[in-house]
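Take a look at the letters that make up each chain.
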Amino acid sequence: MSVSSSLKIDSDLHDLQFFADGRMRHLLSLRSFSAQQLTDILDRADNFIDAAGNATGRSNKLAGVTVANLFFEASTRSRISFELAARRVGAEVVNLDLQTSSRNKGETVMDTVHTLQSMDVGIFVVRDSETGTQTTIARNVNAGVSVLNAGESIVSHPTQGLLDLLTIRRHKGTFDQLTVAIVGDVAHSRVARSAAEGLSTLGVRELRLVSPPSLVPQHEFVPSAKIMTDVDEGIAGADVVMALRIQKERFENEDGIPDETAYFREYGITSDRLKNAAPGAIVMHPGPLNRGVEISSTVADGPSSVITNQVANGVAIRMAILEAVVS
Ligand code: CP
């Protein structure tokens, strides 16, 4: 893609996500966020987190608003935390999933959305395996209705990206001195893409995308990211190590899926490998975990792991986003 067409897409995306006065309308991607806009969301989320690191804050900002969770792909963390977040800021919540929805009978996503809009749903939280579903919905909902992307194909998972940024900021303070290594199935990871976009905007010193050669992303994430295929070099000196799940469901054919034992031996995040990271390095994982494949249990449950903090921060980030689109 040429630089000018990429800039045009980013500017269209920005105009769709934000009103002219800068307020957020939809959350589709972190690509068009400025550093200040990211920081504002992180600051708002921080206010919901107590001294013990739990998202115990509450508000009533969404009183009278109905949030619909439309998850057309499996989810534990995002779906439950969006529901908890919506309730904790005073909203009503309805949940729809593929198994119980009329999409099973052939109803289009837009017909589903229009049906729920007629029931006064004001915010749609959407996860889908197809690229562009959330943007199509955002372009076609009524004025005053918002769409929040809860996971889109392999391209975007902005609330995960935000909760990862918040987790890093809460543990490390600032971004400009950090080396961050994102390790694993980078090619299929919407988590890696959103995290990379946010980290790049916030000026991380070095961003490494570390994967086997077969899982190097086909399309550029952010120009500044360093593509690496040696995991030990990738982890060396890193302040943050973010492990990724192998996304078996996104491989075009099963032959491409790595053998789990060989993968763990060659790319798994283990205590031995972690010794080469920077002192005080933190280990992250978006979940769900494949223990003994991309990460050992010793690391996942060990002192460097901040995985449970990520989950807690996810509730706070989703509360902040819900508040932001009604502000
Ligand atoms: N990290 C994440 O998106 O987890 P879920 O698939 O459980 O929502």
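Conventions adopted
Residues numbered from 1 in each chain as written. Predicted model: local features only at pLDDT ≥ 70, side-chain atom pairs only at ≥ 80, totals over all residues. Heavy atoms only, no water. Domains from an automatic or database assignment. Contact = heavy atoms within 4.5 Å. Buried area = accessible area lost by both parts, 1.4 Å probe. Salt bridge = Lys/Arg side-chain N within 4 Å of Asp/Glu carboxyl O. Polar contact = N/O pair within 3.5 Å; in protein donor to acceptor, adjacent residues only side chain to side chain. Helix = DSSP H or I, 4+ residues; strand = E, 2+ residues; numbered from the N terminus. Nonpolar A, V, L, I, M, F, W, Y, C, P; charged D, E, K, R; others polar. Buried < 20%, exposed > 50% of the residue type's maximum accessible area, 1.4 Å probe, protein only. Pairing = 2+ DSSP bridges. Right-handed = clockwise from strand over helix to strand, strands pointing away. Axes fitted to C-alpha atoms, helices over the stretch in contact; angles between N-to-C directions. Near = heavy atom within 4 Å. Areas by Shrake-Rupley, 256 points an atom, 1.4 Å probe, with all protein chains shown as cover.

Caption draft 1: Layout of the domain arrangement of the chain. Each domain of the chain was delimited in the assignment, giving domain 1 (3-156 + 312-324) and domain 2 (158-306). The centre of domain 1, based on its C-alpha atoms, is set 24 Å off from the matching centre of domain 2. Each partner contributes to the interface: domain 1 provides 35 residues, whereas domain 2 provides 25 residues. Carbon and sulfur atoms make up 60% of the surface buried where domain 1 meets domain 2, a total of about 2500 Å² over both sides. On the domain 1 side of the contact with domain 2, Leu30, Leu42 and Ile154 bury the most area, a combined 27% of that side's loss. Applying the counting criterion to the domain 1 and domain 2 interface returns four salt bridges. Of the charged contacts, one joins Arg169 and Asp43 as a salt bridge, the two residues approaching to 2.9 Å between their closest N and O atoms. The tally of links between domain 1 and domain 2 comes to seven residue pairs in polar contact (both at pLDDT 80 or more). Tallying contributions element by element places helix α2 (residues 35-46) first for the side of domain 1 that touches domain 2, with eight residues. Here the side of domain 1 that touches domain 2 is built from residues that sort into 15 nonpolar, 10 polar and 10 charged.

Caption draft 2: Quick look at the pairing of strand β3 (residues 121-128). Of all eight residues in β3, eight are buried, a share of seventy percent or more. With six bridges connecting them, strand β1 (residues 66-71) and β3 associate as parallel partners. Residue pairing in the sheet places Thr66 in a bridge with Val121 of β3. Once the chain exits β3 it traverses helix α5 (residues 133-140) before rejoining the sheet at strand β4 (residues 146-152), and the crossover so formed is right-handed.

Caption draft 3: How the structure looks around the sheet that holds strand β8 (residues 240-243). Strand order in the open sheet made by the five strands is β7-β6-β5-β8-β9, with parallel pairing throughout. Across the chains shown, the open sheet's two edge strands, defined by having one partner strand only, are β7 (226-228) and β9 (282-284). Here the strands of the sheet are splayed against their neighbours by 20 degrees on average, with no regard to which way each runs. On the sheet, helix α6 (residues 158-172) packs against β8 and β9 and is oriented at approximately 165 degrees with respect to β9.

Caption draft 4: View of the sheet that holds β1. Strand order across the open sheet formed by four strands is β2-β1-β3-β4, with parallel pairing between neighbours. Either end of the sheet is taken by a strand with one partner, and the two such strands are β2 (92-97) and β4. The mean angle between the axes of side-by-side strands here comes to 15 degrees, regardless of whether they run parallel or antiparallel. Judged from the six bridges that link them, β1 and β2 form a sheet pairing that is parallel. Opposite Thr66, over in β2, you have Glu92 as the bridge partner. Against the sheet, helix α4 (residues 109-117) makes contact with β1, β2 and β3, and its axis sits at roughly 155 degrees relative to β3, the strand it touches most. Where α5 meets the sheet, it contacts β3 and β4, and its direction lies at approximately 175 degrees from that of β4.

Caption draft 5: Representation of the environment of Thr229 in the model. Position of Thr229 relative to the elements: it lies in the loop between β7 and α8 (231-235). Sequence separation between Thr229 and Val210 is 19 residues; the distance between their C-alpha atoms is 5.4 Å. Excluding its chain neighbours within four sequence positions, the residues that come into contact with Thr229 are Ser211, Pro212, Pro213, Val216 and Tyr267.

Caption draft 6: Quick peek at the site of the ligand. Around the ligand, the neighbouring residues are Ser75, Thr76, Arg77, Ser78, Arg127, His157, Gln160, Pro286 and Gly287. The backbone of Arg77 places a nitrogen or oxygen atom 2.9 Å from an oxygen atom of the ligand. Contact between the ligand and Gly287: a nitrogen atom at 3.2 Å from a main-chain N or O atom of the residue. In isolation the ligand offers 260 Å² of accessible surface; the protein chains occlude 92% of this area. The class makeup of the residues in the shell around the ligand is one nonpolar, six polar and two charged. Each of domain 1 (3-156 + 312-324) and domain 2 (158-306) contributes no fewer than three residues to the shell around the ligand.

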